[in-house]
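Residue-level structure breakdown
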2 protein chains.
Amino acid sequence: MTFRLCYLLAPWIFILLIPGLSKGGKLLVAPMDGSHWLSTKQLVLKLKERGHEVVVLIPEVSWQMGKGQSYIVKTYPVVLTPEVSWQMEKGQSYIVKTYPVDYTLEELDNYFEEFLTAHLHGQPFPLNALALYNISKHTFRVFFVQCKNLFSSTETMQYLNQSSFDALLTDPIALCGATVANYLSLPYVFFMRGFPCNLHYEASQCPSPLSYVPRLFTFNSDNMTFLQRVENALIALLELVYCNAFYTEGLKFSSEILQREVSLVDLLSGASIWLLRYDFVFEYVRPVMPNMVFIGGVNCAQSKPLSKEFEAIVNASGEHGIVVFSLGSMVSDIPMKKAREIADALGSVPQTVLWRYTGEVPSNLPKNVKLVKWLPQNDLLAHPKTRAFITHGGSHGVYEGICNAVPMVLMPLFGDQMDNAKRVESRGAGLTLNILEMTSEDMSNALKTVINDKKYKENIKRLSELHLDRPIHPLDLAVHWVEFVMRHKGAPHLRPAAHDLNWIQYHSLDVIAFLLVVVLL
Amino acid sequence: MTFRLCYLLAPWIFILLIPGLSKGGKLLVAPMDGSHWLSTKQLVLKLKERGHEVVVLIPEVSWQMGKGQSYIVKTYPVVLTPEVSWQMEKGQSYIVKTYPVDYTLEELDNYFEEFLTAHLHGQPFPLNALALYNISKHTFRVFFVQCKNLFSSTETMQYLNQSSFDALLTDPIALCGATVANYLSLPYVFFMRGFPCNLHYEASQCPSPLSYVPRLFTFNSDNMTFLQRVENALIALLELVYCNAFYTEGLKFSSEILQREVSLVDLLSGASIWLLRYDFVFEYVRPVMPNMVFIGGVNCAQSKPLSKEFEAIVNASGEHGIVVFSLGSMVSDIPMKKAREIADALGSVPQTVLWRYTGEVPSNLPKNVKLVKWLPQNDLLAHPKTRAFITHGGSHGVYEGICNAVPMVLMPLFGDQMDNAKRVESRGAGLTLNILEMTSEDMSNALKTVINDKKYKENIKRLSELHLDRPIHPLDLAVHWVEFVMRHKGAPHLRPAAHDLNWIQYHSLDVIAFLLVVVLL
């Protein structure tokens, strides 16, 4: 039974047939830099295509969002001037509004270098945890500096105050978007992958039973042993401390701007809709809330034919096919020692390996490995000759692996990548390696296993079929809900009454106490 | 911004364009009688239209599902023979498989008469509660007799055993569908409005915080006072007792059939997908689970032009327009005293009232009231001259009221109707009357208020706009998920791991005890 195609086509057909019916609104977008921007940009372009006036608010200095630092931006060049400017390409143009910042691109790059080093340094516990804590705190400080710079730009604030937006779309991790929305009294939509410390569930009043909902960074699955459940509970306790520390400075600033004391939950609970890049094919099943919309795989594009250059490499790979290897848009360089080990491992398989790598070429690079500065990842993964995907486990890449049913070898580096890797592994669709500790042989074995043991391909194929069998494409779903909030000035009917209860009331502790007293009397 | 229409049209356009892409599966349907069947039937017809072989399993004696007892069935006549038979109308035909039962239609009607009397008798507490408890227990006994009759029919069971179905679709309240599915080892989908005692949430492992999720039959909203929260907690405790009593006999039978001890949660938790006729425009916002699909308003059809007879009445109503009055498909007769009071009240408004009523005509029937044996409810509600809807508050009618933005006067009789009425009232879109206690004046005032106080129309219009603004029509969404379960033989990836934990583990009581011991030591 393969009538799934019809549903997949449905929204596209309608867009082709009745473009004139869409009448535009005005949307402000406060995105996040780095890989976060990749899928946000797809949504922004789609909303623009639907006839809305979309203004993207970005700092003058950025990795992915600015002028041509990455291939994605190259595809749709944006004109970067301090003034409001339109993109030149008709139909794919959105307005970019930049604001000056107190740091240079070099400083930003240095900071990311430090961030990565803290993850790859391999110190013993608790030094590693402390290093990660400090660098994460520093990350948030960078966000807050950016936000302060935005509110200090008189010209930008004047422009924002004078524009009448219908809603704001933001990746909320830096809080700045939510602060801007509150400042301008706009309804807002979150578009995101996840928060540390379960904040997205806490702020939306969504129960997260510790017994089967693993906290991020525990790398546990939803099927925990007793000790893992203890660990899960301890981490949840720890989160009460460290996430507050991350956000103290940002909240102080937001409170100043909004001229009232705001908590993390205050700012986040105001979101009308949470667009979450989750799919339960990949995520562990857990309670959710009605204002959460699941758009995992939103970034999986329809595959395009390969360029002649890549087509030639793939065709030359013969019966063994190819392996696609990328550590994501943010990392294209690794220490030489590691690069040599990896090169050794890659040489042990008969497949041609396409490796996205811009660092110094390891001297032991085998003949079957082609180094490239950039590769059309989704199109290569969609090619029938692709046998495996070596990835850092970023959520965009993992979903592309799932969409195209390619078994994965995961080498997580930072953020949610370890948890993503664990999820893929727990589904039998890939194997995870610790990039710090793995030997060349470990990597070779893992790669051979996911290619030759048929169960990996079968499992990822099953996940892929389930993931792609949906009534509406996640990107169209995201568009619908952003437009919904623009049309109705929010979605107050999806706000749970739990927001009006305090902790004691929510958990019915007062009711229990009262009933106990009555029984005892 | 009115680009909503595009989205509404999308699925229909696709169905018109690519009907050939849908390749059929084989579905068994075990529906519920009465008003429950109304929307189930719409889904059944749609699934048949999509090219599936759909077999509907019904008792030889029934109210709505059999030969022509109701107008709905009259529209799509089914051939009722003990053998498998095809409907004659091309394109709207599904297979009906009947099985003999131990009761007559007269006995069934008498039982419903008793059921209604128990609700309308107006005894003081606790006599009324006891009467309702007893009649409800009797209702469940009727269900179980039906189920026993099904499994006793050698011919039917032989047919079921020999047919290879892909999945089963059922309204689960009687448990029989879930028992059949387990007996035949079929994946199953629930299509329903609600269970008593929060069973649908309990069985799906969905948290229901007592502090803001009102239990059914409390008539509380999600915004409860302290005493209402106490009441909510007490009702939840009471539910532990009475729902078990309702189902004891049924579960004993299911256990015999399945040759293993099954609990209520065992049978219900096996559902792959819960299609819930809920929309949060109407329902109170609460946690949900990923295998719950919300299809409130699934029964709202595109309105059709009125017949000449009804068109004439509506046109003759002049500037004041009309009021639509129906107590649902199950109730068309009320005691004469009540009928006279109602007639008086209806006479006090300048609108023409179309009253679906088959009882003895009250002698005081005013000139502006037209009694009809049946009325095209949705089409009348969609008419711009309709000013108000007097309804018993059944979920189908309430959603038709919301879809067509008609303010309501609600006179709930039984089941979830009181809770439905409370929900409409709490949204400021209608007024509720106690049919037992109301005077003629109460009704007259309520009717005049919802017609003349503009805020009722404004509120229902807002609800209607929110409700109709969705990325896909609920009926298409229901079709998608039934087909999903047919294609993939279930949806195990949407099953929460909580099902594998016991009560102590789920609530982390063992972890808390362990941590307490560690701290104390």
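Residues numbered from 1 in each chain as written. Chains lettered and ligands numbered in written order. Predicted model: local features only at pLDDT ≥ 70, side-chain atom pairs only at ≥ 80, totals over all residues. Heavy atoms only, no water.

Under an unreviewed UniProt entry, chain A has the name UDP-glucuronosyltransferase and belongs to Anser cygnoides. Turning to chain A, the UniProt record has this under Catalytic activity (unreviewed entry): "glucuronate acceptor + UDP-alpha-D-glucuronate = acceptor beta-D-glucuronoside + UDP + H(+)". (UniProt positions renumbered as here; feature names shortened; annotations may be inferred.)

Helix and strand content of chain A: 20 helices and 14 strands. Taking 24 Å as the expected radius of gyration for a compact globule of 521 residues, we find that chain A reaches 24 Å, a close match to that expectation. Considering only C-alpha atoms, chain A reaches an extent of 75 × 65 × 55 Å along its principal axes. If you take every contact in chain A between residues at least 6 apart in sequence, the share linking residues at least 24 apart comes to 67%. For chain A, the accessible surface area stands at approximately 21,000 Å², while carbon and sulfur atoms represent 57% of it. Here chain A carries 45 positive and 48 negative side-chain charges, and the mean point of each set is 6 Å from the other. (Helix = DSSP H or I, 4+ residues; strand = E, 2+ residues; numbered from the N terminus. Rg over C-alpha atoms; globule rule 2.2 N^0.38 Å. Contact = heavy atoms within 4.5 Å. Areas by Shrake-Rupley, 256 points an atom, 1.4 Å probe, with all protein chains shown as cover. Lys, Arg positive; Asp, Glu negative; His and termini not counted. Charge placed at Lys NZ, Arg CZ, Asp CG, Glu CD.)

Moving on, we get to the domain arrangement of chain A. All names here are of chain A. For chain A, the domain assignment lists domain 1 (24–104 + 144–299 + 474–500), domain 2 (105–143) and domain 3 (308–452). Each of domain 1 and domain 3 was reduced to a C-alpha centroid, and the two centroids are 30 Å apart. Taken together, the contact pairs 25 residues of domain 1 with 19 residues of domain 3. Summing the contributions of domain 1 and of domain 3, the shared interface buries around 2,100 Å²; its carbon and sulfur component is 58%. Counting every contact that joins domain 1 to domain 3 gives 2 salt bridges. (Domains from an automatic or database assignment. Buried area = accessible area lost by both parts, 1.4 Å probe. Salt bridge = Lys/Arg side-chain N within 4 Å of Asp/Glu carboxyl O.)

All right, on to helix α7 (residues 176–183) of chain A then. Residue and element names in this part refer to chain A. A large share of α7 lies buried, amounting to 6 of its 8 residues. Among all positions in α7, only Cys 176, Gly 177, Ala 178, Thr 179, Val 180 and Ala 181 are buried. Following α7 by one or two positions, Ser 185 has its phi on the positive side, about 55 degrees. (Buried < 20%, exposed > 50% of the residue type's maximum accessible area, 1.4 Å probe, protein only.)

Along a regular strand, successive side chains alternate from one face of the sheet to the other. Residue and element names in this part refer to chain B. Within strand β4 (residues 95–99), 5 of the 5 residues are buried, leaving the element largely enclosed by the surrounding structure. Both strand β2 (residues 53–59) and β4 contribute to a ladder of 5 bridges, which runs parallel. Following the sheet pairing, Ile 58 is matched in β4 by Thr 98. (Pairing = 2+ DSSP bridges.)

Inspection of every chain in the model, using the stated rule, returns 6 disulfides over all chains. For A:Cys300, the disulfide goes to A:Cys403, at an S-S distance of 2.1 Å. For the disulfide bridge between A:Cys300 and A:Cys403, the dihedral angle about the S-S bond is near 95 degrees, and by the sign convention the bridge is right-handed. With A:Cys300 in the loop between β8 (292–294) and α11 (308–316) and A:Cys403 in helix α14 (residues 395–403), this pair connects stretches of sequence that are 103 residues apart. Bridging B:Cys197 to B:Cys243, the disulfide has an S-S length of 2.0 Å. Taking the sign of the S-S torsion, 90 degrees for the link of B:Cys197 and B:Cys243, the bridge is right-handed. Placement of B:Cys197 in the loop between β6 (188–192) and α8 (199–203) and of B:Cys243 in helix α9 (residues 226–258) is noted, with a sequence separation of 46 residues between them. The pair B:Cys197 / B:Cys243 is uniform in exposure class, with both members buried. The disulfide pattern of chain A is 1-2, 3-4, 5-6 when the bonded cysteines are numbered in sequence order. No disulfide involves A:Cys206; its nearest neighbouring cysteine sulfur is the one of B:Cys206, lying 8.7 Å away. (Disulfide = S-S within 2.5 Å.)

With that settled, the discussion passes to the pattern of salt bridges. A full pass over the atoms with the stated rule returns 35 salt bridges over all chains. We note a salt bridge from A:Asp419 to A:Arg423, for which the minimum N-O separation is 3.9 Å. Taken together, the positions of A:Asp419 and A:Arg423, both in helix α15 (residues 417–426) and 4 residues apart, correspond to about one turn of that helix. Accessibility expressed as a relative area gives 1% for A:Asp419, which makes it buried. B:Arg487 is the salt-bridge partner of A:Asp469, the closest N and O atoms lying 2.7 Å from each other. A residue pair is termed interchain when its members come from two chains, as with A:Asp469 in the loop between α17 (454–468) and α18 (474–488) and B:Arg487 in helix α18 (residues 474–488). Considered together, A:Asp469 and B:Arg487 belong to a single accessibility category, that of buried residues. A cluster of three or more residues bridged by salt bridges with shared partners is formed by A:Arg193, A:Glu283, A:Asp416, A:Asp419 and A:Arg423.

All names here are of chain A. Read across the sheet, 6 strands follow the order β11-β10-β9-β12-β13-β14 without closing on themselves; strand pairing throughout is parallel. Edge positions in the open sheet fall to β11 (369–372) and β14 (430–432), since each of these has one partner strand only. Here the average twist between neighbouring strands, direction ignored, is 15 degrees. Here strand β9 (residues 322–326) runs beside strand β10 (residues 352–356); their pairing, made up of 4 bridges, is parallel. By the bridge assignment, Ile 322 is partnered in β10 with Thr 352. Strands β9, β10, β11 and β12 (386–391) of the sheet are contacted by helix α12 (residues 336–347), whose axis makes an angle of about 155 degrees with β10. Relative to the sheet, α15 contacts β13 (408–410) and β14, its axis offset from that of β14 by approximately 140 degrees. (Axes fitted to C-alpha atoms, helices over the stretch in contact; angles between N-to-C directions.)

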